[in-house]
Amino acid sequence: MSKIKKKFWVLACAFVFVSMFYANSIPAKAASYQNAKITASTLNVRSTPSTKSAILWKLSKGQIVKITQTSKGWAKIDDPKKKDGWVSADYLQPMPVQVKTPAATTKSYYVNASGLYLRKEANTKAQAITLLPNQTKVVELSRNGSWSKITYKPYTGWVSNKYLTDKAPAASKPSVPVPQTKPKTIVGKTIVLDAGHGGTDPGSAGYSPALKKAVLEKDLTLMMVQKTAALLKDAGANVILTRSSDTYPSLQARVDLAEKYHADAFVSVHYNAGSSTASGLETYYYTQAKDQKLADCIQREMVKATSMRDRGVKKESLHVVRENSQPAVLLELGFISNQKELDTIISNEYQITMSNAICNGLKNYFY
Ligand SMILES: [Zn+2]
């Protein structure tokens, strides 16, 4: 760097530093304004920035003035009741700049559909983050055509705004007297979720042309219990997973966990395999008195939430259900062996819809 250049940079930096200091003390431009306190016992307000100009009026110590402009040691002040004039900036003590926060532009809406996907981006192909139930109150942050960016609990994402309404849902009139007994609720209930298979046991397998890879039952079951666990925890339940990674606990170890924690419900998640045309949802139980109500509640919600075939609730001798002294069921959430159904069940939308359905089924069971 040449000497001249160096000198230039030193000067430039000094200028920037002084400008910053000056900007902190008194605004240099008329575009913004700052308030200042008068430090002199009296201060003349003059018609121009000069001691030779006419005195318009006087200010006294402690008064606060609004500065609209500065020039060479002078500050132009604006007083709503008196004529604007100039005072010596030497007798002004700047006050903190008041930052005006813009008025909130957010607006609340309600979901006006049986379920509305909250997506990562503003298009129907974007990944779904969660499913918003009907009448959910959401806050709109911004709007882009038919899509709105909204927040709901911990989530932020996009929804199609044709399913939003600004009309609050009418409070439903209680048709029955409010019961005086303790409310039946999922809050505090202990639920053991069992992701079928795992580790060395992949369960059934299929091939997804869309993903261009093999799909293993053990991976789908784990994803499903994790999504369901999050929803159940949100609802206030204690959730215990028989596995939370790609491991294989024995069937009896899964049952033992339910026994140990005196689970209020044990739900084992599986996917089916059969012929390439077999399809639908089914739920297994073993002991009618202990398990069937749980099976009915979950199966009903799963069928309601999807357009999939209802294969019904069936009695079957399956270890994790049969050996369990806690209410226990085993769900079959669609056929991996059916190409069309496989495309559905591997989707994030399906997993969100189904985990919500399982959660709702459990809520109904405890109610
Ligand atoms: Zn299985």
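Here is what the cut-offs are and how they apply
Residues numbered from 1 in each chain as written. Predicted model: local features only at pLDDT ≥ 70, side-chain atom pairs only at ≥ 80, totals over all residues. Helix = DSSP H or I, 4+ residues; strand = E, 2+ residues; numbered from the N terminus. Buried ≥ 20, exposed ≤ 12 C-beta atoms within 10 Å, placed from the backbone. Contact = placed C-beta atoms within 7 Å. Expected span 1.5 Å × (residues − 1). Pairing = 2+ DSSP bridges. Axes fitted to C-alpha atoms, helices over the stretch in contact; angles between N-to-C directions. Left-handed = near helix turned anticlockwise from the far one by under 90°. Nonpolar A, V, L, I, M, F, W, Y, C, P; charged D, E, K, R; others polar. Arc of directions from axis to C-beta. Core = buried A, V, L, I, M, F, W, Y, C linked by C-beta atoms within 7 Å. pLDDT = per-residue confidence, 0-100. Parallel < 35°, antiparallel > 145°, perpendicular 65-115°, else oblique.

1. Looking at the overall build of the protein
Right, on to step 1. The helix and strand inventory of the protein stands at seven helices and 22 strands.
Right, on to step 2. Expressed as a percentage of the 367 residues in the protein, the buried residues total 34%.
Right, on to step 3. Contacts in the protein between residues far apart in sequence, at least 24 positions, make up 67% of those at least 6 positions apart.

2. Quick word on helix α4 (residues 288-305)
Right, on to step 1. The end-to-end C-alpha distance of α4, which contains 18 residues, comes to 25 Å, matching closely the 26 Å that a straight helix rising 1.5 Å per residue would cover.
Right, on to step 2. Of the residues making up α4, those classed as buried are D291, L294, A295, C297, I298, Q299, E301, M302 and A305.
Right, on to step 3. Structurally, α4 contributes buried residues whose contacts are with β19 (265-272), β20 (281-285), β21 (310-315), α5 (319-322), β22 (328-335) and α7 (348-366).

3. Topic: the pairing of strand β16 (residues 205-208)
Right, on to step 1. In terms of strand pairing, β16 meets strand β17 (residues 213-216) through four bridges, oriented antiparallel. Residue pairing across strands places G206 opposite V215, the latter belonging to β17.
Right, on to step 2. Linkage of β16 to β17, two consecutive antiparallel strands, is achieved through a turn of four residues, within which K212 is found at a positive phi near 55°.

4. Focus: the packing of α4 against α7
Right, on to step 1. Running from N to C, α4 and α7 cross one another at 145°; their axes reach a closest spacing of 8 Å. Classified by chirality, the crossing of α7 by α4 is right-handed. Residue-level contacts link K293, L294, C297, I298, R300, E301, M302 and A305 of α4 to T353, M354, N356, A357, I358, N360, G361, L362, N364 and Y365 of α7.
Right, on to step 2. A per-class count over the contact of α4 with α7 returns ten nonpolar, five polar and three charged.

5. Describing the pairing of strand β6 (residues 85-88)
Right, on to step 1. Both strand β5 (residues 74-78) and β6 contribute to a ladder of four bridges, which runs antiparallel. Of the residues in β6, the one forming a bridge with K76 is W86.
Right, on to step 2. Here β5 folds back onto β6, and the loop between the two strands holds six residues.

6. Remarks on the sheet that holds β19
Right, on to step 1. Pairing is mixed in the open sheet, where six strands are placed in the order β18-β15-β19-β22-β20-β21. Two strands bound the open sheet, and with one partner strand each, they are β18 (238-241) and β21. Within the sheet, the average angular offset between the axes of one strand and its neighbour, ignoring direction, is 20°.
Right, on to step 2. In this structure, β19 lies alongside β22, joined through six bridges in parallel fashion. Residue pairing in the sheet places H270 in a bridge with E332 of β22.
Right, on to step 3. The strands touched by helix α2 (residues 217-234) are β15 (190-195), β18, β19 and β22; relative to β19, the strand with the most contacts, the crossing angle is about 145°.

7. Structural notes on helix α3 (residues 251-260)
Right, on to step 1. Residues of α3 that are buried include every one of R254, V255 and A258, and no others. Along the axis of α3, the buried positions cluster into a sector of 95°, meaning they face one direction only. Seen from the open side of α3, the exposed residues pointing more than 90 degrees away from its buried face are Q252, A253 and K260.
Right, on to step 2. For α3, the elements touching its buried residues are β15, β19, α5 and β22.

8. A word on unusual backbone geometry
Most of the time, phi is negative for any residue but glycine, and the peptide bond is trans.
Right, on to step 1. The backbone phi angle of Q135 is positive, close to 70°, even though this residue is not glycine.
Right, on to step 2. When you line up the elements, Q135 lands in the loop between β10 (128-133) and β11 (137-144).
Right, on to step 3. On the neighbour-count criterion, Q135 (13 C-beta atoms within 10 Å) is partly exposed.

9. Side note on the environment of N348
Right, on to step 1. Among the structural elements, N348 can be located in helix α7.
Right, on to step 2. The class of N348 is partly exposed, set by 15 C-beta atoms lying within 10 Å.
Right, on to step 3. Each C-alpha atom of the pair N348 and M224 lies 9.8 Å from the other, and the pair is 124 residues apart in sequence.
Right, on to step 4. Ignoring sequence-local partners within four residues, the contact set of N348 consists of Q127 and A128.

10. A closer look at the nonpolar core
Right, on to step 1. With 53 residues, the main nonpolar core has I191, V267, I298, V329 and L362 as its most contacted residues.
Right, on to step 2. Counting 14 residues, the second largest nonpolar core, distinct from the first, contains L131, V138, L164 and I352.

11. Points about the confidence of the model for the protein
Detailed reading of predicted coordinates is not advised where the pLDDT is low.
Right, on to step 1. Averaged over the protein, the pLDDT score is 87; the fraction of residues at 70 or greater is 85%.
Right, on to step 2. This model gives residues 15-31 a pLDDT under 50, and the stretch forms 18 contacts once residues within four places in sequence are excluded.

12. Digging into the packing of α2 against α7
Right, on to step 1. Here α2 crosses α7 at 50°, and the two axes come no closer than 9 Å. Relative to α7, α2 is oriented oblique. The element α2 and its partner α7 pack so that their crossing is right-handed. Along its contact with α2, which presents M223, M224, K227, T228, L231 and L232, the element α7 presents Q351, I352, M354, S355, N356, I358, C359 and L362.
Right, on to step 2. The residue inventory of the contact of α2 with α7, partitioned by class, reads nine nonpolar, four polar and one charged.

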